[in-house]
Amino acid sequence: MPANATSPASTPPAAPTPTGRTGRGGPLARVRASRTDAAPPPTYARPALLAILALAAVLFAWDIQHSAFHTFYAETARSMAESWHAFLFGSFDPGGSITIDKLPGFLWPQALSVRIFGFHPWALTLPQVIEGVLSVAVLYRAVRRWAGEHPALLAAAAFAVTPAIAGLFRTPVEDPAFTLCVLLAADATLRAARQGRLRPLVAAGVWVGLGFQAKMLEAWGVLPALGLLYAFSAPTALRRRLAHLSVAGAVCLAVSASWVLLVTFTPAKDRPYVDGTTNNSAVSQVVGYNFLNRFSSVNVSAADTGSVAVSTMAGTAPAPPTGRSRPTAAQWLKMFAPSLVSQIGWLYPAAALAAVCGLVWRRGRPRTDPLRAGFVLWAVWLATYFLVFSAGAIGGHTYYMGVLAVPLAALFGAGTVQFWRAWLRGGRRRAWALPTVVVATVAWSAALARLFPTFLPWLAPAAVALGVGALVLMARARPGRTAGTGAVRRRTAVLGLVTGLVAMLLPSAAWASSVLDPEYGHSGMGSTGPVANWHRLAAERAAAARLATHHPRRPDGATPNPNPNEGGAAAEPSPGRSPAKSADASPDGSGLTAVQQQLLAYTRAHQGGARYVFATTSWRTASPYILHAGAAVLPMGGFTGTAPTPTAAGFRALVATGQLRYVVLGAPTTDPGRAIAPWVRAHCDRVPGQAHRLYRCAPEPATARSAPGR
């Protein structure tokens, strides 16, 4: 890492002309300039990048053949792969009765993968692996565009060995696609800001809009950082900058709202009911259910938004009220809790010091200074999501942390290089930063490692020893502190830098590498190390509690789904288990128990022309039939069990028109299930010989009966 190495950021952009253009001529001139402004990368850059990408691929794809189905999402992906109508609207069930409780964009790659490779757990995980490797490559390109080759390599390496990232991109959830989209948006905005061009800024708006399809309003959290980057540093007139931002913002809004508008203007009879709502509105799902409900702990209310306002999923006990009227300090400090900081926080000190020094050291530079602008981008990005997650309900979903790993890695890469160059230049004003960041990061990492004394007990001593060694080598390399030529001092200094980098990255990398161990490799929550086991144990305890509460004698023969509720408003589904690991799976490998196979075979044989094989009172009861057989089972109540679908009138209409013949009653119950069950018992015949409480409903309503056992 030569002291005089140049980077794209070290070459000032051309001064703007009176018209607001860069003065570099037309597009051909800009292309020529982009090829000649930056020094060629060192010969080891490409092999180093390939090694980092290979490491990322190993971490993300290791043991992919034993991936687990993610409850609720896996069923939806299978349903979406069964029909293009379900694919477009994100239907939870193949019959298209109700959507998933989120926008379906993140599941589109999974559904396409299932169409290509068949329905397997690894086929659902593969798109996330690809998105992860692409994310590492895009982060490298973005940081290289901003700060140069060495910061880019360091950022890519730090990103790949972040524990939350190692867990995220092997988990079939929303955040892998979302993280890739916002990274592409950042890369495009950096390109736009360097050249003052509209086209890459519009591309950034498109990428944020696509990120919205994966993670909804959370994708807009990058807009302040992207907007400030372009508004402050683009080499063009203010009026032109604002006009460009307006156009890009309009494109972002249009792409973001595309699916919501599609659902809004599609007649309700021609699409699934929108889960998470009481008014069948995609706007209510996005704004109320998936956004405002997340901030109930800071007294934000989703009342009157048309959203379902509960904090549990069907089949679990509602979260008890806290009795607090204002958020506590512990709620605001959740990003420092052991279960989260161990996944994302190893580089907190390095990133914080890099952001502060990057902004302070470059004060007084021209407005268009790209290096300072980049520090603004990543610092605002980090602060925005840090505050959002601190205020919002995130429970144990450590895969949320992927979007935080991006600025942390970028700041670490660029900050370390600027500290190194300041240390080489000597002097007392800035040379202190490099040893300070090594000491602070190593000490912080050792403290975090000590929170888990039985997990990798050698980690803290090793990091401290390496950190001390780095300081000794750097001290010996200072001018006047050691004999020898400048070349000897340089080699000693480089060795000290490398040792310091290893000391700072070793704890994070060690935790990330735990995904290579089957004991920690498939937490389903994007977590690594002992935190992964915490989630697994929580799942087992929750399964036992549900068995005791809802199925004390298993009267209907149904198989409970052992998944925990992690709590928090609009809580997300938790990971399920692979059929190969499920104790409830049948010996023939179908994934259904003998009782479930009997029910499905009977109802399919007598389905006739009905749209649905049968209806159930909960998505939990419908889940195994959709997951393992792709059966068109009608669930009631949606994810939370409180969505008013189907209504009593709608249910009777399905029966009267012959679209539904069979109904399975039993726990877990939901609001629509409780409303419909009395009518089913009164007007439908109990089917004998079935362990489930199976009823056959004739197309013409039967007269009320009062036979016992109904």
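Everything numeric here is computed off the predicted structure, so don't read it as measured data.

K.L.:
So what's going on with the overall build of the chain? Residues and values would help.
P.N.:
The secondary structure content of the chain amounts to 26 helices and 5 strands. Relative to its 710 residues, the chain shows a buried fraction of 57%. Considering only contacts within the chain whose residues lie at least 6 apart along the sequence, 73% involve residues at least 24 apart. With an accessible surface of roughly 27300 Å², the chain has 64% of that area assigned to carbon and sulfur atoms.

K.L.:
Please provide a residue-by-residue account of unusual backbone geometry, values included.
P.N.:
Looking along the chain, the bond that leaves Thr-645 and enters Pro-646 is cis, with omega of -5°. The phi dihedral of Asn-280 is positive, around 60°, even though this residue is not glycine. Locating Asn-280 in the fold gives a position in the loop between α12 (238-264) and α13 (282-289). Even without glycine at this site, Leu-456 takes up a positive phi of about 50°. Its location among the elements puts Leu-456 in the loop between α19 (433-450) and α20 (459-476).

K.L.:
Can you explain the packing of helix α16 (residues 348-361) against helix α17 (residues 370-391)? Please cite residues and give values.
P.N.:
It is at 9 Å that the axes of α16 and α17 come closest, and there the two elements cross at 135°. Between α16 and α17, the interaxial angle falls into the category oblique. When the axes of α16 and α17 are compared, the crossing they make is left-handed. In this structure, α16 contributes Tyr-348, Ala-354, Ala-355, Gly-358 and Leu-359 to the contact, and α17 contributes Arg-372, Phe-375, Val-376, Ala-379 and Phe-386. Classifying every residue of the contact of α16 with α17 gives 8 nonpolar, 1 polar and 1 charged.

K.L.:
Would you mind going over the state of the cysteines in detail, with residue names and values included?
P.N.:
Covalent bonding between the sulfur atoms of two cysteines defines a disulfide. If you walk through the whole model with that rule in mind, you get 1 disulfide. Between the sulfur of Cys-684 and that of Cys-697 lies a disulfide, 2.0 Å long from S to S. Since a negative S-S torsion denotes a left-handed disulfide, the Cys-684-Cys-697 link at about 105° is right-handed. Highlighted residues: Cys-684 in the loop between α26 (671-683) and β4 (685-686) and Cys-697 in the segment after β5 (693-696), separated in sequence by 13 residues. We classify Cys-684 as buried; its relative accessible area is 1%. Residue classification places Cys-697 among the buried positions, given a relative accessible area of 1%.

K.L.:
Explain the packing of aromatic side chains residue by residue, including any values.
P.N.:
Taken as a whole and assessed by the stated rule, the structure comprises 33 aromatic pairs. Pairing Trp-420 with Trp-423 gives two aromatic rings, centres 5.8 Å apart and planes at 15°, and the pair type is stacked. Taken together, the residues span about one helical turn, with Trp-420 and Trp-423 both in helix α18 (residues 402-425) at a distance of 3 residues. This pair shows no difference in class: Trp-420 is buried, exactly as Trp-423 is. Joined through ring pairs, the aromatic side chains of Trp-346, Phe-452, Phe-455, Trp-511 and Tyr-520 make up one cluster. Sitting over the face of the ring of Trp-84, Arg-115 holds its NZ or CZ atom 3.9 Å from the ring centroid.

K.L.:
Give me the confidence of the model for the chain: which residues, what numbers.
P.N.:
Mean pLDDT over the chain: 85, with 81% of residues reaching 70 or higher. Predicted confidence for residues 2-37 stays below pLDDT 50, and this span has 53 contacts to residues more than four positions away or in other chains. Long-range and interchain partners of residues 320-325, a stretch whose pLDDT sits below 50, account for 2 contacts in this model, where long-range means more than four residues apart.

K.L.:
Give a description of the sheet that holds strand β3 (residues 662-665) that names residues and reports values.
P.N.:
The strand order across the open sheet built from 5 strands is β2-β1-β3-β5-β4, with neighbouring strands paired in mixed fashion. This sheet does not close on itself; its edge strands, each paired only once, are β2 (633-634) and β4. Note that strand β1 (residues 614-616) and β3 share 2 bridges and pair parallel. Within β3, the position partnered with Ala-615 by the bridge is Val-663. Docked against the sheet, α26 engages β3, β4 and β5, running at close to 120° with respect to β3.

K.L.:
Which residues make up a nonpolar patch on the surface, and what values go with them?
P.N.:
Residues Trp-332, Leu-333, Phe-336 and Leu-387 make up a contiguous nonpolar surface patch of roughly 400 Å² in combined accessible area. Mapped onto the fold, Leu-333 is located in the loop between α14 (329-332) and α15 (338-344). A relative accessible area of 48% means that Leu-333 is categorised as partly exposed.

Parameters and conventions
- Residues numbered from 1 in each chain as written.
- Predicted model: local features only at pLDDT ≥ 70, side-chain atom pairs only at ≥ 80, totals over all residues.
- Heavy atoms only, no water.
- Helix = DSSP H or I, 4+ residues; strand = E, 2+ residues; numbered from the N terminus.
- Buried < 20%, exposed > 50% of the residue type's maximum accessible area, 1.4 Å probe, protein only.
- Contact = heavy atoms within 4.5 Å.
- Areas by Shrake-Rupley, 256 points an atom, 1.4 Å probe, with all protein chains shown as cover.
- Axes fitted to C-alpha atoms, helices over the stretch in contact; angles between N-to-C directions.
- Parallel < 35°, antiparallel > 145°, perpendicular 65-115°, else oblique.
- Left-handed = near helix turned anticlockwise from the far one by under 90°.
- Nonpolar A, V, L, I, M, F, W, Y, C, P; charged D, E, K, R; others polar.
- Disulfide = S-S within 2.5 Å.
- Phe/Tyr/Trp six-rings, centres within 6.5 Å; stacked < 30°, edge-to-face > 60°.
- Lys NZ or Arg CZ within 6 Å of the ring centre and 35° of its normal.
- pLDDT = per-residue confidence, 0-100.
- Pairing = 2+ DSSP bridges.
- Patch = residues over 30% accessible without salt bridge, like charges linked within 9 Å, V, L, I, M, F, W, Y side chains within 5 Å.
- Salt bridge = Lys/Arg side-chain N within 4 Å of Asp/Glu carboxyl O.

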